[in-house]
Amino acid sequence: MPSTSTARPNWLAGGLSAVWLVVVGVPILSMIVWGLTTEQAFRDAGPLAVPQVWTLGNVTEVIDRGFLDYYWNTAVVTVGSILLSLVLAVPAAYAIVRSKSWVAGASFRMFLLGLAIPAQAVIVPLYLIITEMGLYDTLIAVILPTVAFTLPLVILILSGALRDVPRDMYEAMTLDGAGSLRILLSAVVPMSRGSISAVCVFVGLTAWNSFIFPLIFIRDESKTMVTLGLREFQQEFAVDIPGLMMAVLLSAVPVFLLYVFARRWLIAGLAGVGGK
Amino acid sequence: MGYVLPAVVFFTVFAVVPLVLVVVLSFTSWPGFGDIRWTGLDNWERLIGDERVRESTGITLALTASTWLTQTPMAIAIGVWAAGRQRNRAVLSTIFFLPLLMSSAAIAVLFHRFLDPNYGMARDLGPLIGFPDGNILGTAHGAFLVIVFVSAWQWVPFHSLLYQAAARNVPTVLYDAATIDGAGRWDMFWRITLPQLRYTVVTSSVIMIVGSLITFETVLLITGGGPGGATRILPYLMYSAGFEAFEMGYASAIATVLVVVATAFSLLIVRFSGFTKMRSTLEGM
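Treat the numbers as computed from the prediction; the structure is a model and nothing was measured.

1. Some details on the overall build of chain A
- Along its length, chain A carries 15 helices and zero strands.
- Relative to the 2.2 N^0.38 estimate, which gives 19 Å for 276 residues, the radius of gyration of chain A is 23 Å and therefore markedly larger than a compact globule would have.
- Each of the three principal axes of chain A carries a C-alpha extent, and together these read 75 × 65 × 30 Å.
- Each of the 276 residues in chain A was classed as buried or not, and the buried ones make up 55%.
- Across chain A, contacts joining residues at least 24 apart in sequence account for 74% of those joining residues at least 6 apart.

Structure representation (structure tokens):
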């Protein structure tokens with residue numbers, strides 16, 4: 001039922017939103033326009049005019065400089081992080097919600113406190129641990145800390161969802177002779193689909209965007225990720241602004257496609273991270 | 001049930017142990033390879049006397065405050081507006097949320113080029129806002145405002161999304177009742193919408209404040225901490241002490257300060273807002 005009070009125009013919020021539209025729109029539009037022209041045409045037109053020449057040549061240039069490798073490495077880290085965090089967090093959240101033992105309660109409190117640990121701040125000891133484990137300069141060195149530092153929020157989201165599964169259902173299944181693993185896979189996982197996708201979005205985006213872990217733990221340029229590749233390009237493409245803009249644009253394409261084809265899912269996932 | 005153990009062990013190795021180690025390493029000297037030497041309180045004595053640390057702490061707190069003051073009103077306004085049911089809002093919201101799709105690194109590289117005084121729009125637009133040569137990044141206050149602006153550009157969409165979701169859940173009967181009582185939109189915002197959004201304000205503020213304390217890529221890629229240290233926030237100072245000067249012990253001391261500040265902030269917000277009382281809807285059944 002549409003309410004009259006929420007349907008009336010809201011000038012103040014509408015005005016601020018219009019300003020924000022320009023603030024967001026102009027940089028994104030400039031990025032696209034600049035990325036699709038040549039260096040010379042960009043220089044002739046200047047930053048505020050529409051260039052005269054249009055080309056897709058920057059795509060080839062960016063790919064020639066190894067962008068596909070960066071994509072591949074980023075995809076490996078993203079998928080690896082999502083899988084590892086689900087394998088660790090789903091059973092843990094289930095135990096935290098179902099188990100009566102003090103271990104489960106204490107673990108939950110530990111994860112709650114863990115929410116406050118800033119990953120950047122412990123980068124020096126992580127560097128020590130990663131090098132001692134012999135993982136320096138591997139993608140695993142990025143996956144492990146990414147999963148660890150998203151784990152508290154992931155467990156919070158999942159255990160919130162599992163608490164809402166009615167207790168009677170667990171008891172009914174136990175009476176029917178289902179083991180805890182079966183309850184977990186055949187009832188808990190399907191019933192908390194919404195939260196599991198929120199978790200995938202959150203961990204996936206964190207991994208996709210990770211910067212400081214690959215910055216510190218990866219040296220070999222062929223093993224680096226898209227974010228670090230952009231930093232490399234920022235230095236290499238010193239005056240070739242269209243080339244750099246195309247690299248920035250390409251770095252966002254996979255997430256952008258996800259937004260176009262699965263917008264509801266992506267937005268619901270992001271909103272789910274903020275909790276109720 | 002052993003289901004919780006793998007997650008606990010994993011989290012202990014990669015988060016809890018580093019947290020303890022960062023304090024331990026702050027009493028040592030280590031260049032990043034070879035032996036770690038015990039040096040007692042040396043790093044801490046140096047830290048207390050270090051002008052740069054004091055300056056960095058001030059900049060970090062100023063950045064956090066500016067971030068909160070700019071992003072919270074913007075995010076609430078946009079979130080509440082986008083929660084309306086009109087059709088055009090769905091299309092506009094799609095554009096609003098576009099920055100969410102880009103990484104911090106991509107956004108930083110993008111704005112770094114926009115702000116270039118030779119090629120970017122800063123050249124033409126800078127003079128209009130008080131930078132005649134377009135060199136916004138060359139001045140201390142300009143560079144600071146750039147970091148505040150870029151992080152708002154990046155994060156306002158996410159916080160708007162939280163407020164939008166929460167504003168949609170405000171029961172419409174509350175507004176209908178207020179309309180019958182003759183309340184104006186302004187009154188309704190302060191008396192109905194904002195109180196109903198209070199938990200979201202807490203969640204969003206914690207994420208915003210802790211996030212801004214650890215801003216790193218934006219500073220590294222846009223200003224490099226400059227000019228003259230004007231944007232050298234604590235995480236950046238720690239990074240350059242550890243991985244540019246290879247003084248890992250001293251970097252750990254700075255990191256310890258950062259951990260303490262971040263933890264203090266989140267504990268304060270959580271304590272004063274009753275956040276921990278928020279539980280499942282089925283609690284106690």
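2. Observations concerning the overall build of chain B
- Helix and strand content of chain B: 13 helices and two strands.
- For the C-alpha atoms alone, the extent of chain B along its principal axes is close to 75 × 65 × 30 Å.
- By the burial criterion, 54% of the 285 residues in chain B qualify as buried.
- Residue pairs in contact within chain B that sit at least 24 positions apart in sequence constitute 65% of those at least 6 positions apart.
- With an accessible surface of roughly 12500 Å², chain B has 66% of that area assigned to carbon and sulfur atoms.

3. Focus on the UniProt feature "domain: ABC transmembrane type-1" (unreviewed entry) in chain A
- Under the UniProt annotation, the feature "domain: ABC transmembrane type-1" (unreviewed entry) is placed at residues 71–262 of chain A.
- Counted over residues 71–262 of chain A, helix gives 78% and strand 0%. Its end C-alpha atoms are 20 Å apart.

4. Digging into the packing of aromatic side chains
- A full pass over the atoms with the stated rule returns 30 aromatic pairs over all chains.
- These aromatic residues form a ring-pair network of at least three members: A:Tyr127, A:Tyr136, A:Phe211, B:Trp30, B:Phe216, B:Tyr236, B:Tyr239 and B:Phe243.
- A cation over a ring is seen here: A:Arg163 above A:Phe108, with NZ or CZ 5.3 Å from the ring centre.
- Its guanidinium or amino end placed over the ring of B:Tyr199, B:Arg198 lies 5.3 Å from that ring's centre, counting from NZ or CZ.

5. Focus on the pattern of salt bridges
- Counting across every chain of the model gives seven salt bridges over all chains.
- The shortest N-O distance in the salt bridge between A:Glu236 and A:Arg65 comes to 2.9 Å. With a gap of 171 residues between them, A:Glu236 in helix α13 (residues 226–236) and A:Arg65 in the loop between α4 (57–64) and α5 (67–98) connect regions that are remote in the sequence.
- When its relative accessible area of 39% is taken as the criterion, A:Glu236 is described as partly exposed.
- The partly exposed category is assigned to A:Arg65, whose relative accessible area is 35%.
- Among the salt bridges present, the one from B:Glu247 reaches B:Arg46, with a minimum N-O distance of 3.3 Å. With B:Glu247 in the loop between α12 (234–243) and α13 (248–273) and B:Arg46 in helix α2 (residues 42–49), the pair connects residues that are 201 residues apart, well separated along the chain.
- Look at B:Arg46 and you get partly exposed, because its relative accessible area is 36%.

6. Comments concerning the UniProt feature "transmembrane region" (unreviewed entry) in chain A
Residue and element names in this part refer to chain A.
- Under the present numbering, the feature "transmembrane region" (unreviewed entry) in UniProt falls on residues 12–34, 70–96, 108–130, 136–158, 195–218 and 239–262.
- Annotated as 65% helix and 0% strand, the span residues 108–130 places its first and last C-alpha atoms 26 Å apart.
- Helix makes up 83% of residues 195–218 and strand makes up 0%, while its end C-alpha atoms are separated by 32 Å.

7. Observations regarding the UniProt feature "transmembrane region" (unreviewed entry) in chain B
Residue and element names in this part refer to chain B.
- As annotated by UniProt and renumbered to match this structure, "transmembrane region" (unreviewed entry) occupies residues 7–30, 59–83, 95–115, 135–156, 199–222 and 248–270.
- As a span, residues 59–83 carries 96% helix and 0% strand, and end to end its C-alpha atoms are 35 Å apart.
- Taken as a whole, residues 248–270 contains 100% helix and 0% strand, while its terminal C-alpha atoms sit 32 Å from one another.

8. What to know about the interface of chain B and chain A
- Opposite the 93 residues of chain B that make contact, chain A presents 97 residues.
- Both faces combined, the contact of chain B with chain A buries some 8800 Å², and carbon together with sulfur accounts for 76% of it.
- Connecting chain B to chain A are zero salt bridges.
- At the boundary of chain B and chain A, one finds five residue pairs in polar contact (both at pLDDT 80 or more).
- It is helix α1 (residues 5–25) of chain B that contributes the most residues to the side of chain B that touches chain A, 16 residues altogether.
- Counted by class, the side of chain B that touches chain A contains 71 nonpolar, 15 polar and seven charged residues.

9. Description of the packing of α5(A) against helix α8 (residues 140–163) of chain A
Residues and elements named next belong to chain A.
- Here α5 crosses α8 at 40°, and the two axes come no closer than 7 Å. Viewed along their axes, α5 and α8 adopt a mutual orientation that is oblique. Considering how the two elements wind past one another, α5 and α8 form a crossing that is right-handed.
- Within the contact of α5 with α8, the residues separate by chemical class into 20 nonpolar, five polar and one charged.

10. Points about empty space enclosed by the protein
All names here are of chain B.
- Inspection of every chain in the model, using the stated rule, returns one cavity of 30 Å³ or more.
- Space inside the largest cavity adds up to approximately 30 Å³.
- Considering the residues around the largest cavity, the lining is formed by Ile59, Leu63, Phe144, Ile147, Val219, Thr231 and Ile233.
- When contributions to the lining of the largest cavity are tallied by element, the ones reaching two or more residues are α3 (51–82) and α7 (140–168).
- Along the lines of polarity and charge, the residues of the lining of the largest cavity split into six nonpolar, one polar and no charged.

11. Quick word on the confidence of the model for chain A
- Across chain A, pLDDT averages 84, with 95% of residues at or above 70.
- For the stretch residues 1–6 of chain A, pLDDT sits under 50, and the model shows 11 contacts to residues farther than four places along the chain or on other chains.

12. Points about the domain arrangement of chain A
Residue and element names in this part refer to chain A.
- In terms of domain boundaries, chain A breaks down into domain 1 (10–55) and domain 2 (61–273).
- On a C-alpha basis, the centroid separation for the pair domain 1 and domain 2 is 32 Å.
- If you look at the interface, domain 1 gives 10 residues, while domain 2 gives eight residues.
- Summed over both partners, the interface of domain 1 with domain 2 buries about 770 Å², with 81% contributed by carbon and sulfur atoms.
- The largest contributions to the domain 1 side of the interface with domain 2 come from Met31, Trp34 and Glu39, which together make up 57% of the buried area.
- Counting across the domain 1 and domain 2 interface gives zero salt bridges.
- Inspection of the domain 1/domain 2 interface yields zero residue pairs in polar contact (both at pLDDT 80 or more).
- Those elements giving two or more residues to the side of domain 1 that touches domain 2 turn out to be α2 (11–35) and α3 (39–45).
- In terms of residues, the side of domain 1 that touches domain 2 owes the most to one element, α2, which gives four residues.
- Residue classes in the side of domain 1 that touches domain 2 are distributed as five nonpolar, three polar and two charged.

Parameters and conventions
Residues numbered from 1 in each chain as written. Chains lettered and ligands numbered in written order. Predicted model: local features only at pLDDT ≥ 70, side-chain atom pairs only at ≥ 80, totals over all residues. Heavy atoms only, no water. Helix = DSSP H or I, 4+ residues; strand = E, 2+ residues; numbered from the N terminus. Rg over C-alpha atoms; globule rule 2.2 N^0.38 Å. Buried < 20%, exposed > 50% of the residue type's maximum accessible area, 1.4 Å probe, protein only. Contact = heavy atoms within 4.5 Å. Areas by Shrake-Rupley, 256 points an atom, 1.4 Å probe, with all protein chains shown as cover. UniProt positions renumbered as here; feature names shortened; annotations may be inferred. Phe/Tyr/Trp six-rings, centres within 6.5 Å; stacked < 30°, edge-to-face > 60°. Lys NZ or Arg CZ within 6 Å of the ring centre and 35° of its normal. Salt bridge = Lys/Arg side-chain N within 4 Å of Asp/Glu carboxyl O. Buried area = accessible area lost by both parts, 1.4 Å probe. Polar contact = N/O pair within 3.5 Å; in protein donor to acceptor, adjacent residues only side chain to side chain. Nonpolar A, V, L, I, M, F, W, Y, C, P; charged D, E, K, R; others polar. Axes fitted to C-alpha atoms, helices over the stretch in contact; angles between N-to-C directions. Parallel < 35°, antiparallel > 145°, perpendicular 65-115°, else oblique. Left-handed = near helix turned anticlockwise from the far one by under 90°. 1 Å grid on protein atoms, 1.4 Å probe; cavity = no way out; pocket = protein on both sides within 12 Å on 5 of 7 lines; lining within 4 Å. Points joined across faces, edges and corners; volume = space filled by probe spheres on them. pLDDT = per-residue confidence, 0-100. Domains from an automatic or database assignment.

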